[in-house]
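Summary of the model geometry
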Amino acid sequence: MITELKQYTAKEICEGFVYNELEGKGLFGLNGKLTIQPEYQRNYIYADGKRDVAVIESMLKNYPLGLIYFNKTDGGQLEVLDGQQRITSIGRFVTGKFAIKMNGMEQYFSGLAKNQQDTILNTTLFVYECEGEEEEIKEWFKTINIVGVPLNEQEKLNAIFSGPFVTLAKEKFSNSLNANLSKWTTYVKGNVKRQEILERALQWVSQSDDVSGYMSQHRYDTNIKELETYFTTVIDWVSSVFSDVEPEMCGLEWGRMYELYHKNAYNPAKVSERVQALMADDFVKDKRGIFEYVLGGEVDKSLLNIRLFEPSVIKSVYAKQTQEAKAAGTSNCPICAACDNNNRTKIWDLKEMDADHVTAWSRGGATDISNCQMLCKTHNRAKGNR
């Protein structure tokens, strides 16, 4: 890769600056010669009143902004390889998109004293212009940290597989003004600008945590119909089965659960009744497991991390049962005692027994001493939910 160090003033960079508020992108600079946010770049994330302001304050104090990297394309155009957050912040400030506080007052660029405006516009930016093969440029891009905010995995993949598919996918799933975002984030956890909603959509449709294969396969597709349809189908399925919206739903593995359970028929009213009962049950320690527990027919209790009998209860019940069994000449496991075999008089050690709900927890039995009995491990495992 060939690199050449050049100097530009902020004024030169901001000539012809265009910012798209709808998409949250700084698009062009250097009178159209510079593409500020090529498709492999992340969205602009500095618009928080802190990081964007810090860039401008650094310029006013003559602090260095650090090296910036441009990629020179075959046509002689330039695109930002590293530094688009800083450049977009400068362009947005100069074009009046946000203000900074000076002496306790908000000041837009147009309201600054001329010497302060000149300080900003005349700030020198040191830029390495890089030229090389696409694979070489992309590999270099992957190694760069942007002002202390490392690229996440999806942002790296967007860079590696940039093309029409990524462009369309970002327009749909990385747009903070998308009208569907409120519904999506009920079930999907993530920052839309950091590509985390897109990442989840890709994981669902590819049915894999490693979405690179799917992105490689579809890199030059001119539509995202499969991705969009699958994601929407999962979201619609969840919202149709669960009429109640609970905070614990956000971030669950809905794509995996859709594949496992979407062919089953559910009565939303009955589902709601069970969910609400389980949410109110103090013995259920993991509320996030309730939804898959209900979808799976309430079989896998490990999803709920049900509160177990306290050790003091177990010791007390074991002592009582053992004392009564010895007096009666029977086993201290009630089921063994009722059997006609060699174990009907066996006294089991505590470590050989399990605490069991007399009335199964799944049938409303409480996890307290009045509903506890000790069974040998063999019979407890065979008993299940009976």
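Shown above is the structure to which this text applies.
Everything in this summary refers to the structure shown in the same document. (Residues numbered from 1 in each chain as written. Predicted model: local features only at pLDDT ≥ 70, side-chain atom pairs only at ≥ 80, totals over all residues. Heavy atoms only, no water.)

**Side note on the overall build of the chain**
Our working rule: Put simply, DSSP H or I for four residues or longer makes a helix, DSSP E for two residues or longer makes a strand, and each gets a number counted from the N terminus. A radius of gyration in this sense is built from C-alpha atoms; the matching globule rule multiplies 2.2 Å by the number of residues raised to 0.38. Each residue is assigned to one of three classes by its accessible area relative to the maximum for its type, calculated with a 1.4 Å probe on protein chains only: buried under 20%, partly exposed between the two thresholds, exposed over 50%.
From N to C terminus, the chain includes 17 helices and 13 strands. In terms of C-alpha radius of gyration, the chain reaches 31 Å, well past the compact-globule figure of 21 Å for 386 residues. Along the first, second and third principal axes, the C-alpha atoms of the chain reach 100 × 50 × 40 Å. Out of the 386 residues belonging to the chain, those deemed buried represent 45%.

**Remarks on the pairing of strand β9 (residues 124–131)**
Basically, it comes down to this: A pair of strands is treated as paired once DSSP finds two or more bridges between them.
The pairing of strand β1 (residues 2–9) with β9 spans 8 bridges and is classified as antiparallel. The residue of β9 that forms the bridge with K6 is V127.

**Let's talk about a nonpolar patch on the surface**
Rules: Distance thresholds for patches are 9 Å for like charges and 5 Å for nonpolar side chains (Val, Leu, Ile, Met, Phe, Trp, Tyr), applied to residues having over 30% relative accessible area and no salt bridge. The method behind every accessible area is Shrake-Rupley, applied with a 1.4 Å probe, and residues are considered shielded solely by the protein chains displayed. Here, a salt bridge means any side-chain nitrogen of Lys or Arg that lies within 4 Å of a carboxyl oxygen of Asp or Glu.
Taken together, the side chains of L5, L67 and F126 make up a nonpolar region of the molecular surface, amounting to roughly 260 Å² of accessible area. The topology assignment puts L5 in strand β1.

**A closer look at a negative patch on the surface**
Our working rule: The sign given to each residue is positive for Lys and Arg and negative for Asp and Glu; His and the chain ends receive no count. By convention, the point assigned to a charge is CZ for Arg, NZ for Lys, CD for Glu and CG for Asp.
The grouping of D74, E131, E133, E135, E136 and E139 at the surface amounts to a negative patch. Considering each element in turn, the negative patch owes the most residues, 3 residues, to helix α5 (residues 134–143). Locating D74 in the fold gives a position in the loop between β5 (68–72) and β6 (78–82). D74 gets classed as exposed once you look at its relative accessible area, which sits at 87%.

**Concerning the pattern of salt bridges**
Applying the stated rule across the entire model yields 15 salt bridges. Here D52 and R92 are joined by a salt bridge, their closest N and O atoms 3.9 Å apart. Of this pair, D52 sits in helix α2 (residues 51–60) while R92 sits in helix α3 (residues 84–94), placing them 40 residues apart in sequence. Each member of the pair, D52 together with R92, is buried.

**Comments concerning helix α15 (residues 311–328)**
Counted only if it meets this: Multiplying one less than the number of residues by 1.5 Å gives the expected span of a helix. Working definition: the arc comes from the directions between the helix axis and the C-beta atoms, pointing outward to the latter. For this analysis, residues touch if any pair of their heavy atoms sits within 4.5 Å.
Taking 1.5 Å as the rise per residue, α15 with 18 residues should run 26 Å; its terminal C-alpha atoms sit 26 Å apart, in good agreement. Buried within α15 we find V313, V317, Y318, Q321, T322 and A325. Across the axial projection of α15, the buried residues extend over an arc of 150°, all falling on one side. The outward face of α15, more than 90 degrees from its buried face, is lined by the exposed residues S312, K315, Q323, K326 and A327. The elements touched by buried residues of α15 are α16 (334–337), β12 (353–357) and β13 (372–376). Within two residues after α15, G329 carries a phi angle of roughly 70°, on the positive side.

**Structural notes on unusual backbone geometry**
Positive phi, close to 50°, is recorded for L30, a residue that is not glycine. The topology assignment puts L30 in the loop between β3 (25–29) and β4 (34–35). L30 gets classed as buried once you look at its relative accessible area, which sits at 14%.

**Observations regarding the nonpolar core**
Soluble globular proteins tend to pack their nonpolar side chains together in the buried interior. How we decide: Side-chain atoms within 4.5 Å link the members of a nonpolar core, which is a set of buried Ala, Val, Leu, Ile, Met, Phe, Trp, Tyr and Cys residues.
If you look at the biggest cluster of nonpolar residues, it comprises 50 residues, and the most contacted ones within it are F173, L227, F231, F242 and W254. Elements that contribute at least two residues to this core include exactly α7 (164–173), α8 (181–187), α9 (196–206), α10 (212–218), α11 (225–241), α12 (254–261), α13 (268–279) and α14 (290–295). Excluding anything up to four places from it in sequence, L227 contacts F165, A169, F173, L198, A201, L202, V205 and Y214. Grouped together as the second largest cluster of nonpolar side chains are 32 residues, L30, L34, I36 and Y46 included.

**Remarks on the environment of I224**
When you line up the elements, I224 lands in the loop between α10 and α11. On a C-alpha basis, the gap between I224 and C130 in space is 32 Å, while along the polypeptide they are 94 residues apart. Once residues lying within four places of it in the same chain are set aside, the contact partners of I224 are F165, L168, A169, K172 and F173.

**Here we look at the packing of aromatic side chains**
Worth spelling out the cut-off: Note on ring pairs: Phe, Tyr and Trp rings are taken, using the six-membered ring of Trp, and paired if centres are within 6.5 Å. Classes follow the plane angle, with under 30 degrees stacked, over 60 edge-to-face and the rest tilted. Placement of a charge over a ring requires the Lys NZ or Arg CZ to be within 6 Å of the ring centre, with the centre-to-atom vector within 35 degrees of the ring normal.
What the rule picks out here adds up to 15 aromatic pairs. With 5.7 Å between their ring centres and 20° between their planes, Y69 and Y128 make a pair best called stacked. Placement of the pair is Y69 in strand β5 and Y128 in strand β9, with a sequence separation of 59 residues. Of the residues examined, Y69 reaches a relative accessible area of 15% and is grouped as buried. For Y128, a relative accessible area of 26% corresponds to the partly exposed category. Here the aromatic rings of F173 and F231 are separated by 5.2 Å at their centres, their planes lie at 80°, and the arrangement is edge-to-face. In this pair, F173 is assigned in helix α7 and F231 in helix α11, connecting sequence segments 58 residues apart. Lying across the ring of Y19, R92 places its NZ or CZ 4.9 Å from the centre.

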